[in-house]
Amino acid sequence: MSFDPTRVRADFPILSRQVNGRPLVYLDSGASAQKPQVVIDAIGAAYAGEYANVHRGLHFLSNLATDNYERVRAIIARFLNAPHEDEVIFTTGTTEAINLVSYAFAAPRLAPGDEIVLSVLEHHANIVPWHFLRERQGVVLKWVEPEPDGSLPPEKVLAAIGPRTRLVAVTHMSNVTGTIVDVAAIARGTDVPVLVDGSQAAVHMPVDVAAIGCDFYAITGHKLYGPSGSGAIWISRERQAEMRPFIGGGDMIREVTRDAVTYADPPLKFEAGTPGIVNQIGLGVALEYLMDLGMENIAAYEATLRDYTRDRLRELNWIDVQGDAPHKGAIFSLTMQGAHAHDISTVLDKRGIAVRAGTHCAMPLMQHYGLTATARASFAMYNTTRDADALIDGLVFCRELFG
Ligand code: PLP
């Protein structure tokens, strides 16, 4: 099936609105993607006619909501090519997912002086949970620098692994430079457990956790055209068996007495309390929508957008783009002499163009580049070369303003 961006755009009602008197040019999908009508409708329908708490009732609506909700586990398993659906644990997003691994897997088995290898490309969600272990239990963080072009060779990550390394935590795609990391080569090259932050990558390319061979793979719904507060982490059965529970409460137990507690089997063991039922149902619809379009088709289309935008940005020799790895997604972090990133984004906003300015929750990477902020244009499958042209025109206008 060929990919038709015009048809896809028509599925996203927000894209036809105006901002500041101009047609919206949404280039902030790296932060959060917009939602297709099918997802918006599914959320409304779930609340309007099929809502009750899950796993609890023996009544019709509770059973229906449970079926709709549990179905999403199978959808996520299919989306990630996970061998078993009970390896999918629902979370509110990647931040919770990585905190789960930090608390339930890493914390009990890491001693002072043990090491976690991570890259300087990481988002704070894949940094701060490891800092907790550094602060609380003397774990050592070993940082791997990207190459000057922003790429992260797997050999470099593997070279950082020593006898005391207990975990490798690495992104599959940088949210700042768009760098795609060969996480399969990393997982193949070591017996140390590998956690992959798939927040960005899973939106833009097919993901096959079985082929990658990692141990943990986190995704977040709001970037995947689904509701905010939805997400999941795939954890192999083998690793799940080694994990203690995370948050305690209802639903994750088998039995509670005054003196003791026993836990439900995974995945419920890791999912306490009333979950984001409708959020996850919306995520399931979003993933089915993506799989209908075909992740290969999306990746191929976005590669054309990336190349077009990269070429057009190269025409502007007064713009610096951070990271230009050969394998990268359509994410461009920009700086310009004479204009702060916040000024760039404010000027672009006046022209209806949404980009993000700041550190992008990646301060170590900003420090690596010697920057305090960039303006980031992040493309999605509903963007077109016209959006790239609007960005370029907006940047030329900035240059005229700030000279
Ligand atoms: N990791 C990366 C690479 C991201 O881009 C983001 C979101 O910006 C996150 C993690 C955090 O995801 P969430 O906010 O859904 O927890």
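Residues numbered from 1 in each chain as written. Predicted model: local features only at pLDDT ≥ 70, side-chain atom pairs only at ≥ 80, totals over all residues. Heavy atoms only, no water.

**Student:** Requested: an account of the sheet that holds strand β9 (residues 216-220), with residues and values cited.
**Tutor:** Two modes of strand pairing occur in sheets, parallel and antiparallel, and in both the strands are linked by backbone hydrogen bonds. Taken together, seven strands build an open sheet; the order of strands is β4-β10-β9-β8-β7-β5-β6 and the sheet is mixed. In the strand order of this sheet, the two ends are held by β4 (88-90) and β6 (140-144), each with one partner. Sheet twist, expressed as the mean angle between neighbouring strand axes with direction ignored, is 20 degrees. Running at roughly 130 degrees to β4, helix α3 (residues 60-80) makes contact with β4, β9 and β10 (231-235) of the sheet. Contacting β4, β7 (165-171), β8 (194-197), β9 and β10, helix α4 (residues 94-109) runs over the sheet at an angle of about 150 degrees to β9. (Pairing = 2+ DSSP bridges. Helix = DSSP H or I, 4+ residues; strand = E, 2+ residues; numbered from the N terminus. Axes fitted to C-alpha atoms, helices over the stretch in contact; angles between N-to-C directions. Contact = heavy atoms within 4.5 Å.)

**Student:** So what about the pattern of salt bridges? Which residues, and what values?
**Tutor:** For the structure shown, the criterion picks out 22 salt bridges. As a salt-bridge pair, Glu242 and Arg109 come within 3.7 Å of each other at their nearest N and O atoms. Here Glu242 is found in the loop between α10 (237-241) and β11 (253-256), whereas its partner Arg109 is found in helix α4, with 133 residues between them in sequence. For Glu242, a relative accessible area of 30% gives the class partly exposed. When the shortest N-O distance is used, the salt bridge between Arg239 and Asp215 registers 2.6 Å. Of this pair, Arg239 sits in helix α10 while Asp215 is found in the loop between α9 (209-212) and β9, placing the two residues 24 residues apart along the sequence. (Salt bridge = Lys/Arg side-chain N within 4 Å of Asp/Glu carboxyl O. Buried < 20%, exposed > 50% of the residue type's maximum accessible area, 1.4 Å probe, protein only.)

**Student:** With reference to specific residues and values, describe the domain arrangement of the protein chain.
**Tutor:** Where interface size is quoted, it is often the accessible area lost as the parts come together. Each assigned domain of the protein chain is listed here: domain 1 (5-30 + 295-402) and domain 2 (40-292). Summarising the inter-unit geometry, the C-alpha centres of domain 1 and domain 2 are found 28 Å apart. Listed by partner, the interface residues are 35 residues for domain 1 and 32 residues for domain 2. Buried area between domain 1 and domain 2, summed over both chains or domains, comes out near 2,700 Å², and the portion from carbon and sulfur atoms is 61%. Seen at the junction of domain 1 and domain 2, the total is zero salt bridges. On inspection of domain 1 and its partner domain 2, the count reaches 17 residue pairs in polar contact (both at pLDDT 80 or more). If you list the elements that add at least two residues to the side of domain 1 that touches domain 2, you get α12 (295-314), β14 (331-336) and α14 (363-369). Take the side of domain 1 that touches domain 2: its biggest share by element is six residues, from α14. (Domains from an automatic or database assignment. Buried area = accessible area lost by both parts, 1.4 Å probe. Polar contact = N/O pair within 3.5 Å; in protein donor to acceptor, adjacent residues only side chain to side chain.)

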